[in-house]
Amino acid sequence: MMTQEQRFEDAQNSPKGDFEGFIPKEDSDIVTPGQSFAKLLPTREPIKHLLIGSPKAVTGTIHYLHIIGYANVGDWSQLLSTGNGDEVMSILIRQILV
């Protein structure tokens, strides 16, 4: 039977690879000494919304999203032709925290 001291000595002499599962990865949310606090703050990242449909449907959706407070009408691009008949598109790019 192995004593507690022998188990401790074995653990001390084990190759470092045995403990890799316990070492936080660089992208981990765990704060370690010397790790920059700024790395834990949320960052901004662009997200793109694309509406495609008839001019009436796209314009109506843009106005609805304005009414519910999601985006101002002026934040969307002008209506752009998709090349598919009477179909248009409008793009909104927003910055979100991740």
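Residues numbered from 1 in each chain as written. Predicted model: local features only at pLDDT ≥ 70, side-chain atom pairs only at ≥ 80, totals over all residues. Heavy atoms only, no water.

1. Section: the nonpolar core
It is characteristic of soluble globular proteins that their nonpolar side chains tend to be buried jointly. Counting residues in hydrophobic clusters, the biggest one holds eight residues: Leu51, Val58, Ile62, Leu65, Ala71, Trp76, Val88 and Leu92. Counting only elements with at least two residues in this core, the list comes to α2 (55-67) and β3 (88-97). When residues in this core are grouped by element, the largest group, three residues, is from α2. Residues in contact with Ile62, not counting those within four places in the same chain, are Leu51, Val73, Trp76 and Ser90. (Core = buried A, V, L, I, M, F, W, Y, C linked by side-chain atoms within 4.5 Å. Buried < 20%, exposed > 50% of the residue type's maximum accessible area, 1.4 Å probe, protein only. Helix = DSSP H or I, 4+ residues; strand = E, 2+ residues; numbered from the N terminus. Contact = heavy atoms within 4.5 Å.)

2. Brief notes about the confidence of the model for the protein
Taken residue by residue, the protein gives an average pLDDT of 79. The fraction at 70 or more is 60%. Across the protein, the secondary-structure element scoring lowest on mean pLDDT is helix α1 (residues 4-13), at 53, and the one scoring highest is α2, at 98. (pLDDT = per-residue confidence, 0-100.)

3. Focus on the packing of aromatic side chains
Taken as a whole and assessed by the stated rule, the structure comprises zero aromatic pairs. For Arg94, the ring lying beneath its charged end belongs to Tyr70, and the centroid distance is 4.6 Å. (Phe/Tyr/Trp six-rings, centres within 6.5 Å; stacked < 30°, edge-to-face > 60°. Lys NZ or Arg CZ within 6 Å of the ring centre and 35° of its normal.)

4. Remarks on the sheet that holds strand β1 (residues 44-53)
Strands sit in the order β1-β3-β2 across an open sheet of three strands; the sheet is antiparallel. One side of each edge strand has no neighbouring strand; the edge strands of this open sheet are β1 and β2 (80-81). Where β1 lies against β3, 10 bridges are found, and the strand directions are antiparallel. Within the sheet, the bridge partner assigned to Leu51 lies in β3 and is Ser90. The strands touched by α2 are β1 and β3; relative to β1, the strand with the most contacts, the crossing angle is about 140°. (Pairing = 2+ DSSP bridges. Axes fitted to C-alpha atoms, helices over the stretch in contact; angles between N-to-C directions.)

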